[in-house]
Amino acid sequence: MQLLCAIERSRAVSATTSVTARRRNAPWAALVPMALTVLVAYLGTTLWSLRVSLTSSRTFPNDDFVGLAQYQRLFENERWILALQNLAVYGVLFILACMVVGFLLAVFIDQKVRGEGALRTIFLYPYAMSFVATGLVWQWVLNPGDGMQRAFRQMGWESFTFEWIIEQDRVIYTVVIAAVWQASGLVMALMLAGLRGIDEDIWKATRIDGIPPWRVYVSIVLPMLKSTVATVFVLLSTGVVKVFDSVVAMTQGGPGTASDVPAKFIMDHLFGRANIALASAGSIVLLLMVIALVLPLMIARNKTSGGGGHA
Amino acid sequence: MSLKKLCAVAIAAAIPLSIPAIANAQGAKAEVIHWWTSGGESAAVKTLADAYRSAGGIWVDTAVALGEQARSVAINRIVGGNPSTAAQFNTSKQFLDLVEQGMLNPIDEVALRDGWDKFLPETIINAVKVKGHYYAAPVNIHMPAWIWTSKAAFKQAGIAAEPRTMDELFAALDKLKAAGLVPLAHGGQSWQDNIVFTAVLTNVGGRDLYLKVLRDRDAKAIQSEAFKSVLLTFKRLQGYVDKGSPGRNWNDATAMLIAGKAGVQFMGDWAKGEFALAHKEAGRDYGCIAGFGPAAPYIIQGDVLVFPKTSNAEQIKAQKLLATVVTAPATQVAFSAKKGSIPIRTDVDSSKMDICAQQGIAIMKDKTRQLGNGEIYLNPDQNGALSDILTNYWNRNIPVEKVQRDIAAALRN
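Throughout this document, residue positions are counted from 1 along each chain, in the order its sequence is written. Whichever chain is written first is A, and whichever ligand is written first is 1; the rest continue in order. Local features in this predicted model are restricted to residues whose pLDDT is 70 or higher, and side-chain atom pairs enter the listing and the counts only when it is 80 or higher, whereas totals over whole chains, interfaces and linings include all residues.

### Some remarks on the overall build of chain A
Turning to step 1, where the next piece is worked out: In terms of regular secondary structure, chain A is built from 13 helices and 0 strands.
Turning to step 2, where the next piece is worked out: Shown N-terminal to C-terminal, the secondary structure of chain A runs as helices and strands in the order α-α-α-α-α-α-α-α-α-α-α-α-α.
Turning to step 3, where the next piece is worked out: With the C-alpha coordinates of chain A rotated into their principal frame, the extents come out at 110 × 70 × 30 Å.
Turning to step 4, where the next piece is worked out: Counts of 20 or more other C-beta atoms within 10 Å of a residue's own C-beta define buried residues, counts of 12 or fewer define exposed ones, and intermediate counts define partly exposed ones; C-beta atoms are placed from the backbone. For chain A, buried positions account for 30% of its 311 residues.
Turning to step 5, where the next piece is worked out: Note on contacts: residues are paired as contacts if their backbone-placed C-beta atoms lie within 7 Å. Restricting to contacts in chain A with at least 6 residues of sequence separation, those with at least 24 account for 67%. Only runs of H or I of at least four residues qualify as helices and only runs of E of at least two qualify as strands under DSSP, and these elements are numbered from the N terminus.

So this is what it looks like as structure tokens:
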């Protein structure tokens, strides 16, 4: 009898431990699907692309490994080099312009202007539109034959000329203009949220000290918005690397290949040109570039927030 | 299956198959993936569906806009193990990888029974026949390098006759320019630049140079003076386009001819669809020139149906019926009349087709004038690389010698 009791008691004990264990493991169990998604869908496909990029695959993946030949071919290709240059120009200008325009819009709205709600909607509205539609509209606006140029000339400004979209060396700037028009509203919304989080007392203190408002924005508010700025930067950067739809809608990479970007190069080779090995090599290069850009930023942020931050 | 066995099967099958085959295929369900989605194209594909239905089959239409998209859907479904009965490809090397991976069913039985070798142009046979087996049923022939002229614009510029040589064409372009019209209506997209190049290569370079460059990828021919003058003529044409040209769609360029604002366009015979929509008539409102001189090559491109591998007897029956129906003379004429193309065979009644199509069919009867387009000789990758170089040359000031070097390098591998 005693033995039976002992067994019973030990069972009860083990049951309670297993309940606590289960409770402790529950969050991890809930994360398993996500972890699997990351491992299989992201990491797995990345490794698969890496593998394909080392082969001579055309329409279908094959096992004929050719080392780095695809990468060599990639960097001997003038179109790819041009696409990378365009990406750099586009990236720097797009991020800078979005930040500046978005911040200025946020500051403007932060002045407690009348009709704030309406203005906020207007500024944010372009972001709600698909870039295919945006790109098409901008293509019409910038077309020298029947867009803005013709409108100005008909209004009497005969010498008005704005033909960047057909100029080899300037066409990429038109893509920047359209993209900034679309994305700066989002930057404004994020910056405005940041501005609204600034303690009112700081403003009172600076007013007592007689510091001009612009100085407060630049020297006090902006540094306080550091994490917002970093978030915006990361958001915009991912937008830069994957830029594709705007170029396709606006210029199709033209005139010639003047406004080509890496994502378009990759898509062209992946499907139209049945060369998945070269396309994979291109996407691996893009991934390396993203890592090279984002990693230092993440390390820096981790350091400043004492290692346990929210990066 | 060995070739001998296959031939035996094919011959055995051929005897009773000719007419009863159609009756046997009652209710054979065929799903066809294609990208015939525009107005004229969907009217054309409807003629195929109707013909297939009246042969007793059930047509299931899977239209996917844009060729690239449609082809990748077809390939993904083959790889994923759920292939369609048939899929549209261009008459080219696009489906060669599928053949090499053993992912397509050959349709030798139909081809041998109907005697495809007897009526198909050699260029098409070379594209659909791989290592002795037929892997695709040709649907139509498009000629991408027609020269279209606007009679209204020509009249306004005081040009009496249609140009008959390249020099006369340039003279006409100069007159159009002097009259304040857009001489050359061109859509500055790389594939359209490529069409202009193809037209110049056939009309200035001629058949031999064409084959040496695109089929043999002969570096010596690419570096030759003859090819240099082709490139220079191509570049010279660029001087006749308007500023709105970059990025323009081909049909917008055709619209300029229809409105009489522009004089000349290089474009495939699908442009006839645009003229027809605007109620313009060939010969009265617009002119069509297949090439200069009686020996000018006629470029062949077009569409085919391929038949993904399956062991399902019903599906194989449907595939054979499809191959039979789409190549039949009556279907051929009905389809091409709507599509703006010409039939794959010249033994058809062309009297109801427009004068441009009749001109094309007449030229096709001369085998020495038939040539494939770049896609037939080059794989998609080489073709793409060539197109990048040409579109850059069209748009930028690049020394012609560098272009020759670049082309030779791009076609080497």
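Next comes the rest of the description.
### Quick word on the overall build of chain B
Turning to step 1, where the next piece is worked out: The secondary structure content of chain B amounts to 21 helices and 12 strands.
Turning to step 2, where the next piece is worked out: We compute the radius of gyration over the C-alpha atoms and compare it with the globule rule, which gives 2.2 Å times the number of residues raised to the power 0.38. Over its C-alpha trace chain B gives a radius of gyration of 22 Å, about what one expects of a compact globule, namely 22 Å for 413 residues.
Turning to step 3, where the next piece is worked out: For chain B, the spread of C-alpha atoms along the three principal axes comes to 65 × 45 × 35 Å.
Turning to step 4, where the next piece is worked out: For chain B, with 413 residues in total, the buried portion stands at 51%.
Turning to step 5, where the next piece is worked out: Contacts spanning at least 24 positions in sequence make up 77% of the contacts within chain B whose residues lie at least 6 apart.

### Some words on the nonpolar core
Residue and element names in this part refer to chain B.
Turning to step 1, where the next piece is worked out: If you look at the biggest cluster of nonpolar residues, it comprises 121 residues, and the most contacted ones within it are A136, A137, W146, W148, L305, V306 and L322.
Turning to step 2, where the next piece is worked out: Both domain 1 (3-141 + 303-351) and domain 2 (146-299 + 369-412) contribute no fewer than three residues apiece to this core.
Turning to step 3, where the next piece is worked out: Ignoring sequence-local partners within four residues, the contact set of L322 consists of A30, Y52, T85, A86, A137 and L305. We define a nonpolar core as a collection of buried residues of the types Ala, Val, Leu, Ile, Met, Phe, Trp, Tyr and Cys that are connected via C-beta atoms lying within 7 Å of each other. Where each domain starts and ends follows an automatic or database-derived domain assignment.

### Describing the sheet that holds strand β10 (residues 286-289) of chain B
Residue and element names in this part refer to chain B.
Turning to step 1, where the next piece is worked out: Following DSSP output, two strands are said to pair if at least two bridges run between them. Strand order in the open sheet formed by 4 strands is β8-β9-β7-β10, and the pairing between neighbours is mixed. In this open sheet, the two edge strands, each paired with only one partner strand, are β8 (182-184) and β10. Geometrically, the sheet is characterised by an average inter-axis angle of 20° between neighbouring strands, direction not taken into account.
Turning to step 2, where the next piece is worked out: With 2 bridges connecting them, β8 and strand β9 (residues 262-267) associate as parallel partners. Of the residues in β9, the one forming a bridge with L184 is V264. For helices, the fitted line uses only the C-alpha atoms of the stretch in contact; every axis is such a line through C-alpha atoms, and the angle between N-to-C directions lies from 0 to 180 degrees.

### Concerning the interface of chain B and chain A
Turning to step 1, where the next piece is worked out: With 22 residues of chain B at the interface, the matching set in chain A holds 24 residues.
Turning to step 2, where the next piece is worked out: Residue assignment for the side of chain B that touches chain A shows that the elements contributing at least two residues are α4 (67-79), α5 (96-100) and α20 (380-395) of chain B.
Turning to step 3, where the next piece is worked out: With 8 residues, α20(B) is the single largest residue contributor to the side of chain B that touches chain A.
Turning to step 4, where the next piece is worked out: Residue classes follow a fixed rule: Ala, Val, Leu, Ile, Met, Phe, Trp, Tyr, Cys and Pro count as nonpolar, while Asp, Glu, Lys and Arg count as charged, and any other residue, Gly among them, counts as polar. In terms of residue class, the side of chain B that touches chain A is made up of 5 nonpolar, 10 polar and 7 charged.

### As for the packing of helix α3 (residues 78-110) of chain A against helix α7 (residues 171-196) of chain A
Residues and elements named next belong to chain A.
Turning to step 1, where the next piece is worked out: The N-to-C vectors of α3 and α7 enclose an angle of 40°; their axes lie 6 Å apart at closest approach. Between α3 and α7, the angle is such that the two are oblique. Once α3 is placed against α7, the crossing between them reads as right-handed. For classification purposes, angles smaller than 35 degrees are called roughly parallel, those larger than 145 roughly antiparallel, those between 65 and 115 roughly perpendicular, and all remaining angles oblique. Two helices that cross are described as forming a left-handed crossing if the nearer one is turned anticlockwise from the farther one by less than a right angle, and a right-handed crossing if clockwise.

### Topic: the confidence of the model for chain A
Turning to step 1, where the next piece is worked out: What pLDDT conveys is the predictor's confidence in a given residue, as a value from 0 to 100. Across chain A, the average pLDDT comes to 86, with 92% of residues at or above 70.
Turning to step 2, where the next piece is worked out: Predicted confidence is poor over residues 307-311 of chain A, with pLDDT under 50, and the contacts of this stretch with residues over four places away or in other chains come to 6 contacts.

### Things to note about the pairing of strand β11 (residues 298-306) of chain B
Residue and element names in this part refer to chain B.
Turning to step 1, where the next piece is worked out: Burial analysis of β11 places 9 of its 9 residues in the buried class, the great majority of the element.
Turning to step 2, where the next piece is worked out: Residues of β11 alternate between two faces, with Y298, I300, G302, V304 and V306 on one and I299, Q301, D303 and L305 on the opposite face, all of them buried.
Turning to step 3, where the next piece is worked out: In this sheet, β11 lies alongside strand β3 (residues 86-90) in antiparallel orientation, the contact comprising 4 bridges. Bridge pairing in β11 links Q88 to L305.
Turning to step 4, where the next piece is worked out: Two strands pair when backbone bridges link them, and strand β6 (residues 136-142) and β11 are joined in this way by 6 bridges, in the antiparallel orientation. In the sheet register, A137 faces β11, and the bridge partner there is L305.
Turning to step 5, where the next piece is worked out: In this sheet, strand β12 (residues 370-372) lies alongside β11 in parallel orientation, the contact comprising 3 bridges. Residue pairing in the sheet places I300 in a bridge with G372 of β12.

### Considering the domain arrangement of chain B
Residues and elements named next belong to chain B.
Turning to step 1, where the next piece is worked out: Looking at the assigned domains, one finds that chain B contains domain 1 (3-141 + 303-351) and domain 2 (146-299 + 369-412).
Turning to step 2, where the next piece is worked out: Averaged C-alpha coordinates put domain 1 and domain 2 at centres separated by 31 Å.
Turning to step 3, where the next piece is worked out: On the side of domain 2, 11 residues touch domain 1, which itself brings 12 residues to the contact.
Turning to step 4, where the next piece is worked out: With 3 residues, the top contributor of residues to the side of domain 1 that touches domain 2 is helix α8 (residues 122-128).
Turning to step 5, where the next piece is worked out: Residue composition of the side of domain 1 that touches domain 2, by class: 2 nonpolar, 8 polar and 2 charged.

### Some words on unusual backbone geometry
Residue and element names in this part refer to chain A.
Turning to step 1, where the next piece is worked out: In this structure, K112 takes a positive phi of about 60° despite not being glycine.
Turning to step 2, where the next piece is worked out: Here K112 is to be found in the loop between α3 and α4 (116-128).
Turning to step 3, where the next piece is worked out: When the 6 C-beta atoms within 10 Å are taken as the criterion, K112 is described as exposed.

### Describing the environment of A:I220
All names here are of chain A.
Turning to step 1, where the next piece is worked out: Note that I220 resides in helix α9 (residues 213-224).
Turning to step 2, where the next piece is worked out: Given 16 C-beta atoms within a 10 Å radius, I220 is considered partly exposed.
Turning to step 3, where the next piece is worked out: Note: C-alpha distance between I220 and T206 (14 residues apart in sequence) is 9.5 Å.
Turning to step 4, where the next piece is worked out: Setting aside residues up to four positions removed in sequence, I220 forms contacts with I202 and T206.

### Quick notes on the packing of helix α5 (residues 131-142) of chain A against α7(A)
Residue and element names in this part refer to chain A.
Turning to step 1, where the next piece is worked out: Interhelical geometry of α5 versus α7 gives an angle of 130° and a closest axis separation of 10 Å. Here α5 is positioned oblique relative to α7, judged by the angle of their axes. Considering how the two elements wind past one another, α5 and α7 form a crossing that is right-handed. Counted together, F131, T134, G135, W138 and L142 of α5 and T174, A178 and Q182 of α7 form the full contact between these two elements.
Turning to step 2, where the next piece is worked out: The residue inventory of the contact of α5 with α7, partitioned by class, reads 4 nonpolar, 4 polar and no charged.

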